[in-house]
Amino acid sequence: PDGTYVTEKDGIHQCLQCHPVCNLCHGPTMNSCIKCKKPLYIEGRLCVTQCSRSHSLDEHTRTCLPCGSECKNKAGARNR
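Residues numbered from 1 in each chain as written. Predicted model: local features only at pLDDT ≥ 70, side-chain atom pairs only at ≥ 80, totals over all residues. Heavy atoms only, no water.

A. Just the overall build of the protein, in detail. The number of helices and strands found in the protein is zero helices and eight strands. Overall, the protein shows an N-to-C arrangement of helices and strands of β-β-β-β-β-β-β-β. Within the protein, the fraction of its 80 residues that count as buried is 32%. A separation threshold of at least 6 residues defines the contact pool for the protein, and within that pool the share at least 24 residues apart is 9%. Accessible surface computed for the protein: about 5,400 Å², of which carbon and sulfur atoms make up 53%. (Helix = DSSP H or I, 4+ residues; strand = E, 2+ residues; numbered from the N terminus. Buried < 20%, exposed > 50% of the residue type's maximum accessible area, 1.4 Å probe, protein only. Contact = heavy atoms within 4.5 Å. Areas by Shrake-Rupley, 256 points an atom, 1.4 Å probe, with all protein chains shown as cover.)

Written as structure tokens, this is what we have:
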């Protein structure tokens with residue numbers, strides 16, 4: 001289910017909780033997110049409130065994507 005990830009120990013699979021900011025993850029830490037809970041956005045494996053200067057926001061996927069020179073002068077580009 002959302003907010004959990006699967007791990008295996010001694011041949012037994014378990015669902016464990018993601019970090020509280022993650023909606024989907026591959027581990028328990030804050031830098032193991034795949035999707036973030038709203039209103040956050042995913043940048044790499046981290047959930048952020050705003051994209052960094054070198055990224056632009058894809059609102060549809062709620063993902064901060066690397067961009068070229070068009071982002072260099074923007075402080076956390078909001079739109080792609």
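B. Spotlight on unusual backbone geometry. Residue Pro39 is bonded to the preceding Lys38 through a cis peptide linkage, with omega at 10°. With respect to the helices, strands and loops of the structure, Pro39 is situated in the loop between strand E4 (33–36) and strand E5 (41–43). The residue Asp10 is not glycine, and still its phi comes out positive at about 55°. Considering the arrangement of structural elements, one finds Asp10 in the loop between strand E1 (4–9) and strand E2 (12–17).

C. Inspection of the state of the cysteines at higher detail. A complete count under the given rule lists four disulfides for this structure. A sulfur-sulfur separation of 2.0 Å characterises the disulfide bridge that pairs Cys36 with Cys47. Taking the sign of the S-S torsion, -100° for the link of Cys36 and Cys47, the bridge is left-handed. With Cys36 in strand E4 and Cys47 in strand E6 (residues 46–48), the pair connects residues that are 11 residues apart, well separated along the chain. (Disulfide = S-S within 2.5 Å.)

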